[in-house]
Amino acid sequence: MIAVNNLNAILGAEVTGIDLSKPLPRDEVEAIEDAWRERLVVVFHGQKLSDPQLIAFSKNFGELDPPGPNPYGKPFNKEHPELNVISNVVENGRPIGNLGDGEAVWHADMTYVDVPPKAAILHSLEIPPTGGNTYFANMFAAYETLPAKLKTAAEGKIAVHDASTNSAGMLRKGYKKVTDGREVIGAHHPLVRTEPKTGRKALFLGRRPNGYVLGLEVAESEALLDALWAHATQPQFAMCQVWQVGDVLMWNNLSVLHRRDPFDPKSRRIMHRSQMKGNERIA
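Residues numbered from 1 in each chain as written. Predicted model: local features only at pLDDT ≥ 70, side-chain atom pairs only at ≥ 80, totals over all residues. Heavy atoms only, no water.

S.K.: Explain the environment of L83 to me, please; I cannot follow it from the model alone.
M.R.: Along the chain, L83 turns up in the loop between α2 (51-58) and β4 (84-87). Accessibility expressed as a relative area gives 1% for L83, which makes it buried. Along the backbone, L83 and I127 are 44 residues apart, and their C-alpha atoms lie at a distance of 18 Å. Apart from residues no more than four positions distant in its own chain, L83 is found in contact with D51, L54, I55, P67, N77, R273 and S274. (Helix = DSSP H or I, 4+ residues; strand = E, 2+ residues; numbered from the N terminus. Buried < 20%, exposed > 50% of the residue type's maximum accessible area, 1.4 Å probe, protein only. Contact = heavy atoms within 4.5 Å.)

Here is the structure:
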């Protein structure tokens, strides 16, 4: 029988008693979605999914959104281009996936588009013996605990979310390196997002490198963003996912930030990833 147990953190839940490789009844889909909305990150252990099964599971929660452009300009998963491959493995002199083995900085995915994906799912196929852990931070809690002066400073401000690099700092194909924040190319989003169903407010920060707050001098923008990021990424707002083979993890892309630890480049890490289309312009 399906069970949902909250993790010992300000976000995160583990779902047990379920086989994601099989079609799920509506009540189980609804239980997962409720946990995802309430706890923002949902973890399933011991799952064995083919790519078609990962796609079928993902479609329970919305239409799939294609991966963002990778630095090589071609899908990593040619048979299933709606899935992304996150990996450091190199075959025949070419990476089979994105993001390599270095640190991936705190970020939310694809916030440089007007309607970012609402959710993402990651399925671990191979993991290194150490390192490569993923951290998630609760942006509702971060906003609710902002000092009054910082909350006032962020209210009503619009930030540009840079599209030129990925979370590992790699320049995307077709983009030029940004040297002046006022020249950033990407979507414009409020620093504070309001959840449509509940009215709760959350910080919406995207990715720190090349971020710019409209209407401010560069130094003022940098100071405000630095203060918001320093607050939002404190350990008390976060959980850590120590990966095991067969883990499936689903997160609320509009309400959390996430990052990854580096790991030994001689080891292998392969994960397949889906994401679901958003249905709101951030406000």
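Still to come is the rest of the account.
S.K.: In this structure, what is going on with the layout of surface pockets? I would like to understand it.
M.R.: Over the atoms a probe the size of a water molecule is rolled, and this reveals where empty space is left. Each pocket or cavity is described by its volume, and for the largest pocket that value is around 300 Å³. Forming the boundary of the largest pocket are 14 residues, of which P75, F76, K78, P95 and I96 lie nearest the centre. Contributions of two or more residues to the lining of the largest pocket are made by β6 (94-95) and β19 (270-276). Reported here for the second largest pocket is a volume of approximately 260 Å³. What lines the second largest pocket is a set of 15 residues, among which R37, E38, L40, F140 and R200 lie closest to the centre. When contributions to the lining of the second largest pocket are tallied by element, the ones reaching two or more residues are α1 (26-39) and α3 (139-144). The residue makeup of the lining of the second largest pocket, split by class, is five nonpolar, three polar and seven charged. (1 Å grid on protein atoms, 1.4 Å probe; cavity = no way out; pocket = protein on both sides within 12 Å on 5 of 7 lines; lining within 4 Å. Points joined across faces, edges and corners; volume = space filled by probe spheres on them. Nonpolar A, V, L, I, M, F, W, Y, C, P; charged D, E, K, R; others polar.)

S.K.: Hey, could you run me through the pattern of salt bridges in this one?
M.R.: Counted under the stated rule, the structure contains 11 salt bridges. Across the pair D226 and R208 runs a salt bridge whose closest N-O atoms are separated by 2.9 Å. Here D226, found in helix α5 (residues 218-232), pairs with R208, found in the loop between β14 (201-203) and β15 (212-213); they are 18 residues apart in sequence, far enough to count as distant. What makes R208 buried here is its relative accessible area of 16%. When salt bridges with common partners are traced through the structure, they connect R208, E222 and D226 into a single cluster. (Salt bridge = Lys/Arg side-chain N within 4 Å of Asp/Glu carboxyl O.)

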